[in-house]
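Observations on the three-dimensional arrangement
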Amino acid sequence: MTIEAPASAPVEPLLSALKVRKSYGGVEVLKGISLAVNPGQVMCLLGPSGSGKSTFLRCINHLERIDGGRISVNGELVGYAQRRDRIFEMNPREVARQRRGIGMVFQRFNLFPHMTALENITAAPIGVRRINKQKARDRGLELLDRVGLANLAQSYPAQLSGGQQQRVAIARALAMDPKLLLFDEPTSALDPELVGDVLDVMRTLASDGMTMVVVTHEIGFARGAADVVVFMDGGVVVESGPPEVVLDNPQSARTKAFLDSVM
Amino acid sequence: MAHATLATPVGAGPATQIDPDDIVAVPLRHPWRWFLAVFLLIGFVSLGISLWQNENINHPTITEFIFNPRILSGVVLTVVLTVVAMLVSTVLGVLLAVMRLSNNPVMNTLAWLYVWAFRGTPLLIQIVFWGYLGLLYAQISVGIPFTDFTIFSMETNTLIPALTAGLLALTLNQAAYSAEIVRSGMLSVDEGQYEAAYSVGMSPVFTLFKVVLPQAMRVIIPPMGNETISMLKNTSLLSVIAVLELYTVATQISSQNLRQVELLLVVSCWYLFLTSVLSIPQYYLERYYGRGKARTLPPTPFQRVRALLGRRPITVRRTESQDAS
């Protein structure tokens, strides 16, 4: 998990958020979030429920529209286009194109129940990217193998366990070759004994150099795999830094209290 | 111990030797079920006999007309009307449902108005309206409004004969109902499915056709089966504008031979037969769109029959996990 960048050139962050604000019906849930993730980095977002971490994650691929600030991925504004000094809202097709570069894994898996595991993975590459069917199939099987489910390609989601479904969901996100992967509490809906398989897949992805933003309650995962740990509370970033600092030597009393309660 | 209903082999020793795994109990009796069944059976049989022996029914007329060529042509037209009206109205219904659920306020209002108007007036009146459209507009022209420029112009009664008017009435009316059914089906699809589809870069239209509608179908098909059966019977309303479907033909015949009841029985037999036949495709459609929902699909009627005959086991494995390589 070292960031390979020549010392001379400063690394351009893959994801940068600047003073991001978001309200729901007058209640501000994000109160100016500024964060940056470099290519190949893994960032874990921790915090109590209601702290805005999932909302922030959903803003990154424009599932939620932000009310203020800027989010850009790969140097491109998310959901908006800037021409000269004016900002234009993107149309749905442009947003869809932009989302292809940003994969997302959901807490409740959200697999397509009417498709087999393999069809779940190949639906977007075939339908959206217009990749040759056989090629997409081969790639799909390769991805299923990578998440350890090569023998369940023809199973429907209802026939899979939660852990297997979540690994299919990860393979589905990977099939679009995203530059950035977002995980929204990927293990929160799983039985405890199934959590390990999913975390193993995520660790492998992290060590393969995938850029990831992970909202999680798995402190162990954050300690082992994250380059940056961010603690959020009440819609603001309370503290951020390397895991050994934020997790083992937190500066804020709020962080300390939270870590004490979950560990 | 002496009155234990858990039977033990006689002479096997004291009752303490009862195997707790086996319950050999006397089944609960249901005398009232038998009583009710016999009561109803007697009632139906006597009703049947009284109908059969009723001298006001001329049975040869029924057998004479059940396969009469005119009746058969009426049956064909009824089926054609039902199929065409259902197909076109379903497409229209999907379109209206999508419009109704879209963010576009113009589309939204338009769809609402459509459903409001076509669901809010009786079908019979709509049929008569389309049948008499020629009274309202003698000519139908297409051109640019407020100018004299016309692309084409035609007599209304030539452009829309009775059959077309009837088909139009049935289709447009059904579309309003179908729209609401499709809409409820789409609303039944979890919000997470849209998010998952969007997150892999699918556009809203692609998401609709590949993710949302296939899942909505499971909810849509049973009420649509209902609607198809209603449609089949509603075609008889077209007799008011003299479309030669089953019921119109039957009334024409009975007005000549004055055998009204007999012909109504002939017509009823055909409607019953057709509605029974229609439930078969519905069963298979439900099965198809139910895939992925149940872990194993129930066997088809044919598979059940085969299983009864002992040729193959009843368990149907839909998914054999295939080897990945």
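Cut-off values and rules
- Residues numbered from 1 in each chain as written.
- Chains lettered and ligands numbered in written order.
- Predicted model: local features only at pLDDT ≥ 70, side-chain atom pairs only at ≥ 80, totals over all residues.
- Heavy atoms only, no water.
- UniProt positions renumbered as here; feature names shortened; annotations may be inferred.
- Helix = DSSP H or I, 4+ residues; strand = E, 2+ residues; numbered from the N terminus.
- Rg over C-alpha atoms; globule rule 2.2 N^0.38 Å.
- Contact = heavy atoms within 4.5 Å.
- Areas by Shrake-Rupley, 256 points an atom, 1.4 Å probe, with all protein chains shown as cover.
- Core = buried A, V, L, I, M, F, W, Y, C linked by side-chain atoms within 4.5 Å.
- Buried < 20%, exposed > 50% of the residue type's maximum accessible area, 1.4 Å probe, protein only.
- Buried area = accessible area lost by both parts, 1.4 Å probe.
- Salt bridge = Lys/Arg side-chain N within 4 Å of Asp/Glu carboxyl O.
- 1 Å grid on protein atoms, 1.4 Å probe; cavity = no way out; pocket = protein on both sides within 12 Å on 5 of 7 lines; lining within 4 Å.
- Points joined across faces, edges and corners; volume = space filled by probe spheres on them.
- Nonpolar A, V, L, I, M, F, W, Y, C, P; charged D, E, K, R; others polar.
- Pairing = 2+ DSSP bridges.
- Axes fitted to C-alpha atoms, helices over the stretch in contact; angles between N-to-C directions.
- pLDDT = per-residue confidence, 0-100.
- Parallel < 35°, antiparallel > 145°, perpendicular 65-115°, else oblique.
- Left-handed = near helix turned anticlockwise from the far one by under 90°.
- Phe/Tyr/Trp six-rings, centres within 6.5 Å; stacked < 30°, edge-to-face > 60°.

An unreviewed UniProt entry lists chain A under the name ABC-type polar-amino-acid transporter, with Cryobacterium shii given as the organism. Turning to chain A, the UniProt record has this under Catalytic activity (unreviewed entry): "a polar amino acid(out) + ATP + H2O = a polar amino acid(in) + ADP + phosphate + H(+)". Here is the UniProt Sequence similarities (unreviewed entry) comment for chain A, exactly as written: "Belongs to the ABC transporter superfamily."

A closer look at the overall build of chain A
Of regular secondary structure, chain A possesses nine helices and twelve strands. Over its C-alpha trace chain A gives a radius of gyration of 18 Å, about what one expects of a compact globule, namely 18 Å for 263 residues. The C-alpha extent of chain A, read off along each of the three principal axes, is 50 × 50 × 45 Å. Within chain A, counting contacts between residues at least 6 apart in sequence, those at least 24 apart form 64% of the total. Only carbon and sulfur atoms are counted for the fraction: they give 47% of the accessible area of chain A, which is about 11,600 Å².

Some thoughts on the nonpolar core
A:Ile170, A:Phe183, A:Met202 and A:Met212 are the most contacted members of the largest nonpolar core, which totals 49 residues. Element by element, the count of residues in this core is highest for helix α6 (residues 192-207) of chain A, at eight residues. Judged by nonpolar contacts, the second largest core, of 42 residues, contains A:Ile33, A:Val37, A:Met115 and B:Ala197.

Overview of the interface of chain B and chain A
Taken residue by residue, the interface counts 28 residues in chain B and 32 residues in chain A. Here chain B meets chain A over a buried area of about 2,600 Å², counting both sides, of which 60% is carbon and sulfur. The interface formed by chain B and chain A contains one salt bridge. Two residues, A:Arg58 and B:Glu195, come together in a salt bridge whose shortest N-O distance is 2.8 Å.

Comments concerning the layout of surface pockets
As a volume, the largest pocket reaches approximately 1,200 Å³. As for the largest pocket, its lining consists of 33 residues, and the residues nearest its centre are A:Pro92, B:Asn103, B:Tyr194, B:Tyr198 and B:Pro204. When contributions to the lining of the largest pocket are tallied by element, the ones reaching two or more residues are α2 (92-99) of chain A together with α3 (69-101), α8 (162-187), α9 (191-199) and α10 (204-234) of chain B. Taken together, the residues of the lining of the largest pocket sort by class into 20 nonpolar, six polar and seven charged. In this structure, the second largest pocket occupies an estimated 580 Å³ of space. If you go around the second largest pocket, you meet 21 residues; those closest to its centre are B:Leu87, B:Thr90, B:Met224, B:Thr228 and B:Leu285.

A closer look at the sheet that holds strand β11 (residues 228-233) of chain A
Residue and element names in this part refer to chain A. A sheet is described by the order of its strands in space; here six strands give the open sequence β8-β9-β10-β3-β11-β12, paired in mixed fashion. Sheet topology places β8 (102-105) and β12 (236-241) at the edges, where each strand pairs with a single neighbour. The average undirected angle you get between the axes of adjacent strands in this sheet is 15°. The strands touched by helix α9 (residues 253-262) within the sheet are β3 (42-46), β11 and β12, with β11 carrying the most contacts at an inclination of about 100°.

Quick look at the UniProt feature "domain: ABC transporter" (unreviewed entry) in chain A
According to UniProt, the positions carrying the feature "domain: ABC transporter" (unreviewed entry) are residues 15-259 of chain A. Between the first and last C-alpha atoms of residues 15-259 of chain A the distance is 26 Å; the span itself is 36% helix and 28% strand.

Overview of the environment of B:Ile140
Residue and element names in this part refer to chain B. As for its placement among the helices and strands, Ile140 is situated in strand β1 (residues 139-143). The partly exposed category is assigned to Ile140, whose relative accessible area is 22%. Put simply, Ile140 and Tyr194 are 54 residues apart on the chain and 44 Å apart in space, counted from C-alpha to C-alpha. Every residue in contact with Ile140, bar those within four places of it in the chain, is listed here: Leu133, Phe152, Ser153, Met154, Thr156, Leu159 and Ile160.

Focus: the sheet that holds strand β1 (residues 15-24) of chain A
All names here are of chain A. Ordered in space as β2-β1-β4-β5, the four strands form an open sheet in which the pairing is antiparallel. The strands lining the two open edges of the sheet, one partner per strand, are β2 (27-37) and β5 (76-77). Bridge count between β1 and β2: eight bridges; the pairing is antiparallel. Within β2, the position partnered with Ser16 by the bridge is Ala36. Running at roughly 65° to β2, helix α1 (residues 53-60) makes contact with β1, β2 and β4 (68-73) of the sheet.

A short note on the side chain of B:Glu195
Topologically, B:Glu195 is positioned in helix α9. By relative accessible area, B:Glu195 is classed as buried at 16%. Non-local contacts of B:Glu195, meaning those with residues more than four positions away in its chain, are made with A:Arg58, A:Leu63 and A:Phe106.

Observations concerning the confidence of the model for chain B
Residue and element names in this part refer to chain B. Per-residue confidence for chain B averages 86 on the pLDDT scale, and 88% of its residues sit at or above 70. Here residues 313-325 is a poorly scored stretch, pLDDT under 50, and it has 27 contacts once near neighbours within four places are set aside; other chains count. Two numbers describe this predicted complex: its pTM, 0.82, and its ipTM, 0.91.

Topic: the pattern of salt bridges
Residues and elements named next belong to chain A. Overall, the coordinates contain 16 salt bridges over all chains when judged by the stated rule. Across the salt bridge formed by Arg139 and Asp177, the nearest N and O atoms sit 2.5 Å from each other. In this pair, Arg139 sits in helix α4 (residues 133-146) while Asp177 sits in the loop between α5 (162-174) and β9 (180-184), placing the two residues 38 residues apart along the sequence. By relative accessible area, which is 25% here, Arg139 ends up partly exposed. The salt bridge partner of Asp248 is Arg223, with a shortest N-O separation of 2.7 Å. Placement of the pair is Asp248 in the loop between α8 (243-246) and α9 and Arg223 in helix α7 (residues 219-225), with a sequence separation of 25 residues.

Some thoughts on the packing of α5(A) against α6(A)
The axes of two packed helices give the description: the angle between them and the distance between them. Residue and element names in this part refer to chain A. Running from N to C, α5 and α6 point in directions that differ by 20°, and their axes come no closer than 8 Å. When the interaxial angle is binned, α5 and α6 end up roughly parallel. α6 is crossed by α5, and the crossing has right-handed handedness. Here Gly162, Gly163, Gln166, Arg167, Ile170 and Leu174 of α5 lie close against α6, whose contacting residues are Leu194, Asp197, Val198, Val201, Met202 and Leu205. In the contact of α5 with α6, the residues fall into seven nonpolar, three polar and two charged.

Quick look at the environment of A:Ile219
Residue and element names in this part refer to chain A. Counting through the fold element by element, Ile219 comes out in helix α7. Each C-alpha atom, one on Ile219 and one on Glu142, is 30 Å from the other, the two residues being 77 residues apart in sequence. Once residues lying within four places of it in the same chain are set aside, the contact partners of Ile219 are Leu46, Leu247, Leu259, Val262 and Met263.

Observations concerning the packing of aromatic side chains
All names here are of chain B. For the structure shown, the criterion picks out eleven aromatic pairs over all chains. On the numbers, 5.5 Å between centres and 80° between planes, the contact of Trp32 with Phe35 is edge-to-face. Here Trp32 and its partner Phe35 are both found in helix α1 (residues 31-52), three residues apart, which amounts to about one turn of the helix. Arranged with centres 6.2 Å apart and planes meeting at 10°, the rings of Trp112 and Trp116 form a pair that is stacked. Here the residue Trp112 and the residue Trp116 both occupy positions in helix α4 (residues 105-120), the gap between them amounting to four residues, near one helical turn. Residue Trp112 is classed as partly exposed on the basis of its relative accessible area of 42%.

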